[in-house]
Amino acid sequence: HRHKSHENLTWFEVDYPSVLENKSSLSSSISTTGPSPYAPLHHVPCDLSLGTALTSLSSSGAVAEKPTLFILEAVLMYMSSSASTRLLSSLAAGYGEATVVVYDPVLDLGGRGRFGEVMRGHL
């Protein structure tokens, strides 16, 4: 059964349209039965570097007046400094009760670490 702490929680996953399509395809191939114990998930296709995040979120049903947690996991490292600043500024201006958590991995480990090499290859 759904845990009571999830009753008022909604997830919005924002990513490139092609990435969300791949995720949907993979998740639809997994067989499940019964109601999900997790909060509802809405996929929001958006290139966060274009400055359209607020419009995309609103169009997907996100409510700016509700307390909101944004988790930017390995996102800003792929964006220009100006695009990152624009995104963070728009989230702060558009969502008054927001908390933003940013995680970007440290890519330069002095030549050590395959993770940094792979991530740098995607920049």
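Keep in mind that this is a model prediction, so the values were computed, not measured. (Residues numbered from 1 in each chain as written. Predicted model: local features only at pLDDT ≥ 70, side-chain atom pairs only at ≥ 80, totals over all residues. Heavy atoms only, no water.)

With respect to the side chain of Ser56
Take Ser56: it is sitting in helix α2 (residues 53–59). In this structure Ser56 comes out as buried when scored by relative accessible area, which is 16%. Among residues more than four places away in sequence, those in contact with Ser56 are Val44, Pro45 and Cys46. (Helix = DSSP H or I, 4+ residues; strand = E, 2+ residues; numbered from the N terminus. Buried < 20%, exposed > 50% of the residue type's maximum accessible area, 1.4 Å probe, protein only. Contact = heavy atoms within 4.5 Å.)

What to know about the nonpolar core
Counting 15 residues, the largest nonpolar core has Leu48, Leu57, Val75, Leu76, Met79 and Leu87 as the members making the most contacts within it. Looking at this core, the elements that each hand over two or more residues are α2, β3 (68–73) and α3 (81–94). If one sorts the elements of this core by residue count, α3 sits on top with three residues. Contact partners of Leu76, with chain neighbours within four places excluded, come to Ser84, Leu87, Leu88, Val102 and Asp104. (Core = buried A, V, L, I, M, F, W, Y, C linked by side-chain atoms within 4.5 Å.)

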